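# Residue-level structure breakdown
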Amino acid sequence: MDYKKTNAPTNTVTRNLMEMCEDTGNIYETVTIIGKRANQIAAEMKSDLSKKLQEFASYNDNLEEVFENREQIEISRYYEKLPKPTLIAAQEYVEGKVYHRNPAKEKEKLQ
């Protein structure tokens, strides 16, 4: 999933949790699924940002050479304006783009 092209809102949205938990039947399981997906998205966003900012890293210990880099500031602002990982994960869940399974439930069905 490309989090840059998501249609998730950038601010908080009130959602009907009872509609969201219809497929799992358990609100806590639904929240856990969304939370785990949000952690995956956050890790991906962090690694992408780190890769982009790595080229601006200064390996000198000289404090006099520290200066603001316009490109670095623009990259940081871009990532700040993206929707938060929890909002992206919730939107993906509502759209049915998140695959999830519960091995405990599958085991119960087999017995």
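Here goes a summary of the coordinates provided. The shown structure was predicted, so the numbers you read here are calculated from the model rather than taken from an experiment.

## Looking at the overall build of the chain
- The number of helices and strands found in the chain is 5 helices and 0 strands.
- Of all 111 residues assigned to the chain, the portion counted as buried reaches 24%.
- The contacts in the chain between residues at least 6 apart in sequence include a share of 79% that link residues at least 24 apart.
- Total accessible area computed for the chain in this model is approximately 8,800 Å², and 51% of it derives from carbon and sulfur atoms.

## Points about the packing of aromatic side chains
- Counted by the stated rule, this structure contains 1 aromatic pair.
- Taken together, a centroid distance of 5.6 Å and an interplanar angle of 90° make the contact between Y78 and Y79 edge-to-face.
- Take Y78: its relative accessible area is 39%, and that puts it in the partly exposed class.

## Some points on the layout of surface pockets
- The space that makes up the largest pocket amounts to roughly 250 Å³.
- Forming the boundary of the largest pocket are E29, T32, I33, K36, R37, Q40, V98, Y99, H100, R101, N102 and P103.
- For the lining of the largest pocket, the element with the highest residue contribution is helix α2 (residues 27-54), accounting for 6 residues.
- Among the residues making up the lining of the largest pocket, the classes are represented as 4 nonpolar, 4 polar and 4 charged.

Cut-offs applied
Residues numbered from 1 in each chain as written. Predicted model: local features only at pLDDT ≥ 70, side-chain atom pairs only at ≥ 80, totals over all residues. Heavy atoms only, no water. Helix = DSSP H or I, 4+ residues; strand = E, 2+ residues; numbered from the N terminus. Buried < 20%, exposed > 50% of the residue type's maximum accessible area, 1.4 Å probe, protein only. Contact = heavy atoms within 4.5 Å. Areas by Shrake-Rupley, 256 points an atom, 1.4 Å probe, with all protein chains shown as cover. Phe/Tyr/Trp six-rings, centres within 6.5 Å; stacked < 30°, edge-to-face > 60°. 1 Å grid on protein atoms, 1.4 Å probe; cavity = no way out; pocket = protein on both sides within 12 Å on 5 of 7 lines; lining within 4 Å. Points joined across faces, edges and corners; volume = space filled by probe spheres on them. Nonpolar A, V, L, I, M, F, W, Y, C, P; charged D, E, K, R; others polar.

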